[in-house]
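Residues per chain, in single letters:
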Amino acid sequence: MKRLVICVFLALAGVVIIPALACTTAIISAEASGTGRPMLWKHRDTDEYYNHIEYLRGEKYGFTALVNSRDTVYTEVWAGVNEMGFAIANNVSYNINTVSYDRPSRNGYVMMQALGVCATVDDFEKFLQEMDIPRGASANFAVIDAQGGAAYFETGDDRYFRFDVKDSPDGYLYRTNFSVAGVQDKGAGYIRYAAAEKLFEEKKSGFTPDWLISNPARSFYHGLMKTDLEDFSDKALGEGFVISQDYIPRYTTVSSLVIEGVNPGEDPKNTVMWSAIGYAPCSYVIPVWVGAENEIPACLSSKEKALAPANELAMQLKGVVFPVTRGNGNKYLDYLTLRSDILPEVEKAEDKEIKEGEKVKMRFAEKGFDLEAVRKFNTEADKRFERFRSKMKKITER
């Protein structure tokens, strides 16, 4: 079955819905970061609703990555970071290719191979240059490394365009489902791009992993209508339903994560992948350290082909806020229930997880990476998740 990846916006040129892969990504420089470390944000949309975090070995390097849970042989990844501190994520681009080749999309395969052999942003450029043509690519690849490199590569089957974050006066860049260097006014994700533009411009600087997840990943600001559902009173929402169209979080959202890298001279093992798997408004971030390799919280993992518990719970909660299953029901979000009953609990759990994760991160910065400390943290993180799941049971069993 052809994999479709959704990356944030519909083309303004028409009303036809482009098949779905609609991700949103951003790269934040260390200078614009509130933590003093570079970051890569991946908000994933796809029709593969179940994903988890997995540690894999490549040709040269091991890496921690977001994978489809039903991809049992792991031939593709959808974001990840390797032991050298090289990280990558993508948006599908629907306007980068001007020539049609008879070759399936290999965006996920490209990222998996790159994580196995690249240590720097420049390595990735060389990797693209040495690929056979056509590449089987149609993506905006966001990459950062542990040497201060950060760039987008808008990549097609037979060409690519590099955009370095250091050339941006704002210290950050973001993309949806069109390439800036692609065919003008074609592609998708323009309305989501406008929403991201507004949110990032308001923030300006001091970006943090928790801001990226709690704001753009869960924002219901509409880039075309210039409205924010957060501003509507309960009374104005009536029955609570809204049409969920062209927001950054959408029915097809399956994860949102932030890879917080390291600066030159720092240990790449301290790179953190703050991971919220499942529908982002119903899932909270849990940190994973690349230096821990296979030591990943059980709630983010797939054991013996089972679904990751955090993803499974988020899907159950998504079913509560998208309760209409017939016809066009998946376009109708029960925003009132989400805002009143679910988001407050998600945010409370997330605040705790970030607080505990920051303690470990700061300890590593001062004393060096400690695998036993990660194991202890993972045990406690899984206990916190089980408490959260028990608390949310009253909502999922309505």
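The rules we used
Residues numbered from 1 in each chain as written. Predicted model: local features only at pLDDT ≥ 70, side-chain atom pairs only at ≥ 80, totals over all residues. Heavy atoms only, no water. Helix = DSSP H or I, 4+ residues; strand = E, 2+ residues; numbered from the N terminus. Buried < 20%, exposed > 50% of the residue type's maximum accessible area, 1.4 Å probe, protein only. Contact = heavy atoms within 4.5 Å. Areas by Shrake-Rupley, 256 points an atom, 1.4 Å probe, with all protein chains shown as cover. Lys, Arg positive; Asp, Glu negative; His and termini not counted. Charge placed at Lys NZ, Arg CZ, Asp CG, Glu CD. Core = buried A, V, L, I, M, F, W, Y, C linked by side-chain atoms within 4.5 Å. Expected span 1.5 Å × (residues − 1). Bend = angle between axes of the 7 residues up to and from the residue. Axes fitted to C-alpha atoms, helices over the stretch in contact; angles between N-to-C directions. Parallel < 35°, antiparallel > 145°, perpendicular 65-115°, else oblique. Nonpolar A, V, L, I, M, F, W, Y, C, P; charged D, E, K, R; others polar. pLDDT = per-residue confidence, 0-100.

### Describing the overall build of the protein
Secondary structure assignment for the protein yields seven helices and 19 strands. When its C-alpha atoms are laid out on the principal axes, the protein stretches across 55 × 55 × 40 Å. For the protein, the proportion of its 398 residues judged to be buried stands at 61%. Taking the intrachain contacts of the protein between residues at least 6 apart in sequence as the baseline, contacts between residues at least 24 apart amount to 66%. For the protein, the exposed surface amounts to about 16500 Å²; the carbon and sulfur share of it is 49%. Distance from the positive charge centre (49 side chains) to the negative charge centre (56 side chains) of the protein: 3 Å.

### Here's the deal with the nonpolar core
Counting residues in each nonpolar core, the largest one holds 114 residues, and the members touching the most others are Phe124, Phe200 and Ile342. The greatest single-element share of this core, amounting to nine residues, is contributed by helix H6 (residues 335-367). Excluding its chain neighbours within four sequence positions, the residues that come into contact with Phe200 are Ala26, Ile28, Trp41, Tyr172, Tyr174, Phe207, Trp211, Leu212 and Pro216.

### Some remarks on H6
Compared with the 48 Å implied by 1.5 Å per residue over 33 residues, the 44 Å span of H6 between its first and last C-alpha is a close match. At Ile342, H6 is deflected by roughly 45°, the largest bend along its length, and proline Pro344 occurs up to four residues later in sequence. At the exit of H6 stands Gly368, carrying a positive phi of roughly 95°.

### Digging into the environment of Asp132
Looking at the secondary structure, you find Asp132 in the loop between helix H2 (121-130) and strand S9 (139-144). The sequence separation of Asp132 and Asp157 amounts to 25 residues, and the corresponding C-alpha distance is 9.1 Å.

### What about the packing of helix H5 (residues 309-321) against H6?
One can describe the packing of H5 onto H6 by two numbers: an axis separation of 9 Å at closest approach and a directional angle of 140°. With respect to their mutual orientation, H5 and H6 come out oblique. The segment H5 lies against H6, with Leu317, Val320 and Val321 engaging Thr337, Leu338 and Ile342. Here the residues of the contact of H5 with H6 are counted per class, giving five nonpolar, one polar and no charged.

### Details of the confidence of the model for the protein
On average, the protein scores 93 in pLDDT, and the residues at 70 or more come to 95%. Residue range residues 1-19 is modelled with pLDDT below 50. Its contacts to residues more than four positions away, or to other chains, number 79 contacts.

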